[in-house]
Amino acid sequence: MPETRGPGGVRATPGWLPLYGGFLITGVVTVLLGPLLPDLAREWRLPVEELRALFVVQFLASAVGSFLSSYRLGLSLGLGYLLIAAGLVSLSLAGWPMALAPMAAVGFGLGLAIPATNLGVAHAQPQRRGAALSSLNMVWGAGAVACPLLFAVRPAGMSSDAVLLVLAGAAGLVLTCLAWNARPAAAGRFTLGAPASSPASEENAPQGGGQGGVLRGLVVIAAIMFLYVGIENSVGGWLVSLADQFQAGRSATSLWIGSGFWAALLASRAAAPLVLRRMSEPTLYTAGVVLAGGGLLGLLLSGSQAGLAVAAVAAGAGLAPLFPLTISFLADLTAATRSRNTGWVFALAGAGGAVLPWLTGRLAGGADGLAAGFVAPIGGLVLLALLFGLLRRLSAPVQPQTA
């Protein structure tokens, strides 16, 4: 079957389509709590800050799923989408606090599916990892953009439960497609539909200073991913509620501001493969950190919905390249040893998605409301920048000593 070119010029066959379609769904579901929280708070008659436990269970469960995701690709993908579909159906039927259990199931499914897809694409495109992963995560970003819009444009009288059931059906469809594509695979193993990296490309991969150097690099990358996922989900999870404070009740403007954050992230990831033709990965990473820092400060200090909208776009555009480039650094680091034991790295990323959004909600309050909580993602970004500098030092080639 002839190959075609996917987003960003990535090699693709029809076997890739369920992966990209599934990644679109994971983008919607990962950020689901952001636009869903105001509805749930009104339905359950609770302050929105009290629902921060939903973030905790989603991303702690995601951390457990991520830890297990790197062992069996096909099983991780299939079980992941099954849990997402079942969890969403159960969430539509549950009340508080029973909703914590289905939210954990959704998180566990995301933890299985997202790392398996990212690493599969990374190792299948060894010569263009940064561009390939930016393209893949651009699809995830499209789902994240669509999530608030699903709530903003739903027909009058349509409940949030109906949106959850639609998403569950979409996840079930992805699961069916994955199962269908897995049938003809040799020896019963699911394949991505694209060639794995060749031995020659693995031989040319960076050596990372030996096994000890690889381990040190993995620890730093794990810490960076912990912070990044926490920052992204703090902003995406609380932004709609923050904007809603400026306009009481259900505000379509708040939903559009939340969508604007993810739209900026999507657009920036779409541009990343082109930018990387003229700029190195570390340079793009540094620029992203600076832009994201300006956006996060704007979210903390802005006193209007218009200011929040501008700050949200800046934060999304700056954060966009950081995750796919971090995965690219991870793939480069592990290519030489062909290590598959990276589940714990993704597990820490999921833990960050639990800790920082919870901390953001915990710090919120007083005269500044939710805005005060954004000190947490700002502090996280400062630490991330420091760790990135350390990672560059660890990955720098060792200079030969002279007599």
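Nothing here was measured: the structure is a model prediction, and the numbers come from that model.

**Thoughts on the nonpolar core**
Nonpolar side chains tend toward joint burial in soluble globular proteins.
At step 1: Membership of the largest hydrophobic core comes to 110 residues, with the highest contact counts inside it found for L54, L88, Y285, L299 and L384.
At step 2: Looking at this core element by element, the count peaks at 17 residues for helix α9 (residues 210–244).
At step 3: Leave out the neighbours within four places in its chain, and L88 touches V29, L32, V106, L164, L167 and A168.

**Some thoughts on helix α11 (residues 281–301)**
At step 1: Helix length check: α11, at 21 residues, gives a terminal C-alpha distance of 31 Å against a target of 30 Å (1.5 Å per residue), a fit within 8%.
At step 2: Within α11 the residues assigned to the buried category are L284, Y285, G288, V289, A292, G293, G295, L296 and L299.

**Section: the packing of aromatic side chains**
Each aromatic ring pair is described using two quantities: the centre-to-centre distance and the angle formed by the ring planes.
At step 1: All chains considered together, the criterion is met by eight aromatic pairs.
At step 2: On the basis of an interplanar angle of 45° and a centroid distance of 5.3 Å, the ring pair of F55 and W238 is categorised as tilted. Of this pair, F55 sits in helix α3 (residues 53–68) while W238 sits in helix α9, placing them 183 residues apart in sequence. Each member of the pair F55 and W238 is classed as buried.

**Here's the deal with the environment of A317**
At step 1: Position of A317 relative to the elements: it lies in helix α12 (residues 305–319).
At step 2: Accessibility expressed as a relative area gives 21% for A317, which makes it partly exposed.
At step 3: Sequence spacing of A317 and W262 is 55 residues, and the spatial spacing of their C-alpha atoms is 8.6 Å.
At step 4: Contact partners of A317, with chain neighbours within four places excluded, come to A264, L265, S268 and L291.

Conventions and cut-offs
- Residues numbered from 1 in each chain as written.
- Predicted model: local features only at pLDDT ≥ 70, side-chain atom pairs only at ≥ 80, totals over all residues.
- Heavy atoms only, no water.
- Core = buried A, V, L, I, M, F, W, Y, C linked by side-chain atoms within 4.5 Å.
- Buried < 20%, exposed > 50% of the residue type's maximum accessible area, 1.4 Å probe, protein only.
- Helix = DSSP H or I, 4+ residues; strand = E, 2+ residues; numbered from the N terminus.
- Contact = heavy atoms within 4.5 Å.
- Expected span 1.5 Å × (residues − 1).
- Phe/Tyr/Trp six-rings, centres within 6.5 Å; stacked < 30°, edge-to-face > 60°.

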